[in-house]
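Take a look at the letters that make up each chain.
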Amino acid sequence: MSKLAGPNIQLNELGKLHHFLTLEGLKHHHLTEILDTAESFINPNTKEIKKVPVLRGKTIMNLFFEPSTRTRTTFEIAEKRLSADVESLDIQTSATKKGESLLDTLWNLQAMQTDMFVIRHAQSGAAQFFSQHVAPHVHVLNAGDGQHAHPTQAMLDMFTIRKHKGDVFDLKVAIVGDVLHSRVVRSQIQALSILEAREIRVVGPKTLMPENPEALGVHVYHDMEEGIKDVDVIIMVRLQNERMTSALIPSEKEFFKLYGLTEARLALAKPDAIVMHPGPINRGVEIESAVADGPQSVILEQVTYGIAVRMAVMSIIMSNAAQLSQHRAEKEAAQASLDLEDPQNTAPPTEANT
Amino acid sequence: MRLVIKNGRVIDPSQSLDEVTNLYITRGRIAGIGSDAPEGFTADQEVDATGKWILPGLVDLQARLGEPGSHYAGSIASETKAAVAGGITSICCPPDTSPVNDSQAVTELLQRRARQAATAFVMPIGALTQGLKGERLSNIHSLKQAGCVAVSQANTPIQNPLTLKNTLAYSSTQDLVVMLRCEDQAIKNGGVAHSGPVSSRLGLPEISASAETVALARDLILVEESGIKAHFSQLSCARSVEMIAEAKKRGLNITCDVAIHQLHLSEMDVLGFNSLFHVSPPLRSMQDKHALLAGVKSGIIDAVVSDHTPLAKDDKLLPFGESMPGISGLETLLPLLLKLVQDNGLDLLTAIRCVTQAPAEILGVQKGTLKPNSSADLSIINPEGVWTLSPETMVSAGQNSPFHGWEFVGQVEQTFFQGRPVFRSAQEAKR
């Protein structure tokens, strides 16, 4: 079982990322390092993301306990651009599966010399759970756990914002839609507050807001016009179909009437406001096509940046691991030389030495 | 076999007794209490309890004993041993066994196994409905004849109000305590954590307080209508305590209990996704916790239970929401109560009453008392004994406790069941 130092279990003893589970508890410099590294993977002229040998010889296992196409694909592309050996597994799991088999699966795959797991799971806290049961040298990267966190998605959103606004600092951001069930929104809110956005608003019907939104440090708006007034960034969240069947909202049509992003509404935001969406978009439900395809939309850029940001996170984690083993080796060497200087600590010569 | 336990501080709420004196035991029963022995009593054996407390054996209204079925860890033999290690000598076991205890056969099996173990008194609770499905009535009369002291739905309350209404009307003529846990499954909606700041942060599916209070309101009205004596199990919300107080004031014949962990833990403990804190009903807010403790202090909450749920390691070795809810709690019921006495201003006699006299009266049994001629079930406590809970020293087959590492003051040294020693602490055994 890996036991990590410090209150934040995703950091190693040097305070650097060992796993990437959530943005909660991370510092400004952790996030900036990810954004700067992602920048370095993008050719400034061609916008092309080059293949680099950073993770050559490393094995990354993508474990998807919940179906996903885009996230999985961008992870795979990112891993391949880093020259890692990549294996992806879709694991259909029943909610009542015994712990034995769940952890046995993990340990079996770990025994195949896996260096890093990228895990998506339907349960909140699952990534943390797995990170507590992998070997100390194995890394866990959260690709979405239940309604808890999706930190790489939030980081690519921050990257996109930085690309267009220069900095997240002092911006007003509105997140519109299903906040209650969204792991993406939870991570976005944490990223925005760590990067010191001036104001974070969440906009939507009461049924799609957590009961204690104040606990997240956001301002709640139930009125769309008020909520997006004068903001720099609008992030639309995808509305899941099952929200209608559980009586949280009446219909897509009414939702669009109240919260759909139209050109008229977009005009209430700052003139240079950007429109984001983690995708896939429901045209005519969350967003009007004219806006989705319009000049202020950066939705497709987000997908491209997702590759660079995921490359950044993985390469940072692996270089932190290298740095840590070097640090430990140096510490051991220093200790050994101290032991030599101190005659009392010197072990008696063994027969083999004499 | 005649035994005298000398110079102990005898604490028995059923006799409003708290004094240093002697306790005499003849043939498994209490022969008397006082400085002078009862007439004709000569002791075969003497136990010196100077500086120690003598408590009636505790009565636990809700503890799972692992049998029958493999749903829970342990067996009647292992779990009654855990009980007496915690000073508990009378245990009600809920019907959520496998098969469900909705028949004479299962009730008799439980009693037979308990007699074989001969470590503690086991009182089966029968299922209110067949298979606990909340649809068809169990043979409640037959269950009573077989020895059930109460009927309940364990953790699967009846959802259909008409079924509950009929169930209560039928039970009202059977002279059995009906135990009700209040939880509206529709509002619960698959939730796993109290809906509050913590669930909002962690994205854990939420269970709002209304899942309990809506069901409680409905149940109170149906209980009042049927005129039945009902017991409400494992309250978790501040509002529930208010509703119970109000109903008692109206004259309803009701009692209620709270699980001991609800008086020590809160939603804040869930922050690390640690599945050992996954319980049902969920750990709620600090405000709820304080209101529950105030309810115990004022007597609105009659009894405190362990809600002992021994689980195999694998059942907790899962992400929070997929893990099985429950705490292995027999060995921490008394220690956690004493902690409330030491740290939170709970009166000692009230604390002991909640786990002796009160639950015995709820069931209408002669337990949890040291009155003459009652069964000599008691424990000797070293009030200064300091110890720490750890998986290695737990007796229960389920080591799923969030209290590992907690330091307790007050240690059970010996427990007697029907006048026989059934537990000795490691320190005591060394002497």
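Residues numbered from 1 in each chain as written. Chains lettered and ligands numbered in written order. Predicted model: local features only at pLDDT ≥ 70, side-chain atom pairs only at ≥ 80, totals over all residues. Heavy atoms only, no water.

Let's talk about the overall build of chain B
- Counting secondary structure elements, chain B contains 14 helices and 18 strands.
- Relative to a compact globule of 431 residues, whose C-alpha radius of gyration would be 22 Å, chain B shows 21 Å and is just as compact.
- The C-alpha extent of chain B, read off along each of the three principal axes, is 65 × 50 × 40 Å.
- Within the span of chain B, comprising 431 residues, buried residues form 62% of the whole.
- At a minimum sequence separation of 6, the contacts of chain B that also span at least 24 residues come to 73%.
- Counting only carbon and sulfur atoms, one obtains 48% of the accessible surface of chain B, whose full area is about 15800 Å².
- Separation between the mean location of the 37 positive side-chain charges and that of the 44 negative ones in chain B comes to 3 Å. (Helix = DSSP H or I, 4+ residues; strand = E, 2+ residues; numbered from the N terminus. Rg over C-alpha atoms; globule rule 2.2 N^0.38 Å. Buried < 20%, exposed > 50% of the residue type's maximum accessible area, 1.4 Å probe, protein only. Contact = heavy atoms within 4.5 Å. Areas by Shrake-Rupley, 256 points an atom, 1.4 Å probe, with all protein chains shown as cover. Lys, Arg positive; Asp, Glu negative; His and termini not counted. Charge placed at Lys NZ, Arg CZ, Asp CG, Glu CD.)

Considering the pairing of strand E3 (residues 116–121) of chain A
All names here are of chain A.
- Taken across its 6 residues, E3 has 6 buried, putting it largely inside the fold.
- Residues Met 116, Val 118 and Arg 120 point to one face of E3 and Phe 117, Ile 119 and His 121 to the other, with burial holding for every one of them.
- Direction of pairing for strand E1 (residues 59–64) relative to E3: parallel, over a ladder of 5 bridges. Looking at the pairing, Phe 64 lines up with Arg 120 of E3. (Pairing = 2+ DSSP bridges.)

Some thoughts on the interface of chain B and chain A
- Facing the 20 residues of chain B at the interface are 25 residues of chain A.
- When chain B packs against chain A, the two sides together hide about 2000 Å² of surface, and 52% of this comes from carbon and sulfur.
- Summed over the shared surface of chain B and chain A, the number is 1 salt bridge.
- Linking chain B with chain A are 6 residue pairs in polar contact (both at pLDDT 80 or more). (Buried area = accessible area lost by both parts, 1.4 Å probe. Salt bridge = Lys/Arg side-chain N within 4 Å of Asp/Glu carboxyl O. Polar contact = N/O pair within 3.5 Å; in protein donor to acceptor, adjacent residues only side chain to side chain.)

Quick notes on unusual backbone geometry
Residues and elements named next belong to chain B.
- Ser 98 connects to Pro 99 through a cis peptide bond whose omega is 5 degrees.
- With respect to the helices and strands, the residue Pro 99 is situated in the loop between strand E7 (88–93) and helix H2 (104–117).
- At Asn 373, a residue that is not glycine, the phi angle is positive and equals roughly 75 degrees.
- The topology assignment puts Asn 373 in the loop between helix H13 (357–363) and strand E16 (378–388).

A closer look at the nonpolar core
All names here are of chain B.
- If you look at the biggest cluster of nonpolar residues, it comprises 87 residues, and the most contacted ones within it are Leu 180, Val 223, Phe 232, Ile 254, Leu 263 and Val 304.
- Considering every element that reaches this core, the biggest residue donor is helix H11 (residues 333–343), with 6 residues.
- Looking at which domains feed residues into this core, each of domain 1 (2–55 + 373–430) and domain 2 (57–363) gives three or more.
- Apart from residues no more than four positions distant in its own chain, Val 304 is found in contact with Val 258, Ile 260, Leu 263, Val 296, Leu 333, Leu 337, Cys 354 and Val 355. (Core = buried A, V, L, I, M, F, W, Y, C linked by side-chain atoms within 4.5 Å. Domains from an automatic or database assignment.)

With respect to the packing of aromatic side chains
- All told, the structure shown has 8 aromatic pairs over all chains when counted by the stated rule.
- Residues A:Phe129 and A:Phe130 carry aromatic rings whose centres are separated by 5.6 Å and whose planes lie at 70 degrees to one another, so their mutual orientation is edge-to-face. Residues A:Phe129 and A:Phe130 agree in their burial class; the two are buried.
- When the centroid spacing of 5.0 Å and the interplanar angle of 70 degrees are considered together, the rings of A:Phe159 and A:Tyr305 count as edge-to-face. Of this pair, A:Phe159 sits in helix H5 (residues 151–165) while A:Tyr305 sits in helix H12 (residues 299–341), and the two are 146 residues apart along the sequence. Side by side, A:Phe159 and A:Tyr305 carry an identical accessibility label, which is buried.
- Ring pairing ties together the aromatic residues B:Trp387, B:Phe403, B:Trp406 and B:Phe408, which thus form one cluster. (Phe/Tyr/Trp six-rings, centres within 6.5 Å; stacked < 30°, edge-to-face > 60°.)

Quick word on helix H9 (residues 286–298) of chain B
Residues and elements named next belong to chain B.
- With 13 residues, H9 extends 18 Å from end C-alpha to end C-alpha; this agrees with the ideal 18 Å at 1.5 Å per step.
- The complete set of buried residues in H9 reads Asp 288, Lys 289, Leu 292, Leu 293, Gly 295 and Val 296. Down the axis of H9, the buried set is contained in an arc of 155 degrees. They therefore lie on one face. In H9, the exposed positions that point more than 90 degrees away from the buried face belong to Gln 287 and Ser 298.
- Of the surrounding secondary structure, the elements contacted by the buried residues of H9 are strand E11 (193–194), helix H8 (238–249), strand E14 (254–259), strand E15 (303–305), H11 and helix H12 (348–353).
- Of the residues trailing H9, Gly 299 is marked for its positive phi of about 90 degrees. (Expected span 1.5 Å × (residues − 1). Arc of directions from axis to C-beta.)

Digging into the domain arrangement of chain A
Residue and element names in this part refer to chain A.
- The domains assigned to chain A are domain 1 (28–148 + 304–330) and domain 2 (152–298).
- A C-alpha centroid distance of 27 Å is found between domain 1 and domain 2.
- Tallying the contact residues gives 26 residues for domain 1 and 21 residues for domain 2.
- Summing both sides of the interface, domain 1 and domain 2 together bury roughly 2000 Å²; the carbon and sulfur share of this comes to 61%.
- When the buried area of domain 1 at its contact with domain 2 is split by residue, Leu 35, Gln 147 and Tyr 305 rank highest and sum to 31% of it.
- Inspection of the region where domain 1 meets domain 2 yields 4 salt bridges.

Topic: the pattern of salt bridges
Residue and element names in this part refer to chain B.
- With the rule as written, the count across this model stands at 30 salt bridges over all chains.
- Note that Glu 46 is salt-bridged to Lys 6, the shortest N-O span being 3.9 Å. Note that Glu 46 is positioned in strand E4 (residues 45–48) and Lys 6 in strand E1 (residues 2–12), a separation of 40 residues in sequence.
- With relative accessibility at 29%, the residue Lys 6 sits in the partly exposed group.
- Among the salt bridges present, the one from Lys 52 reaches Glu 413, with a minimum N-O distance of 3.0 Å. Here the residue Lys 52 occupies a position in the loop between E4 and strand E5 (53–56), and Glu 413 occupies one in strand E17 (residues 407–417), the gap between them amounting to 361 residues. In terms of burial, Lys 52 and Glu 413 fall into one category: buried.

Focus: the environment of B:Asp257
Residues and elements named next belong to chain B.
- Among the secondary structure elements, Asp 257 is positioned in strand E14.
- It is 6.4 Å that separates the C-alpha atoms of Asp 257 and Phe 232, two residues lying 25 residues apart in sequence.
- If we skip the residues at most four places from it in the chain, Asp 257 touches Leu 61, His 231, Phe 232, Ser 233, Gln 234, Leu 235, Ile 301, Ala 303 and Val 305.
- A distance of 2.7 Å separates the side chain of Asp 257 from the side chain of His 231, its partner in a polar contact.

Concerning the state of the cysteines
Residue and element names in this part refer to chain B.
- Per the stated rule, a full pass over the model turns up 0 disulfides over all chains.
- The thiol sulfur of Cys 148 is not disulfide-bonded, and the nearest other cysteine sulfur, from Cys 93, lies at 8.2 Å.
- Cys 148 gets classed as buried once you look at its relative accessible area, which sits at 5%. (Disulfide = S-S within 2.5 Å.)

Describing the sheet that holds strand E2 (residues 85–90) of chain A
Residues and elements named next belong to chain A.
- Pairing is parallel across the open sheet formed by 4 strands, whose spatial order is E2-E1-E3-E4. Looking at the sheet topology across the chains shown, the edges are occupied by E2 and strand E4 (139–145). The mean angle between the axes of side-by-side strands here comes to 15 degrees, regardless of whether they run parallel or antiparallel.
- One ladder, built from 5 bridges, connects E3 with E4; its direction is parallel. Bridge pairing links Val 118 to Leu 141 in E4.
- Of the strands in this sheet, E1, E3 and E4 touch H12, which is tilted by about 155 degrees from E4. (Axes fitted to C-alpha atoms, helices over the stretch in contact; angles between N-to-C directions.)

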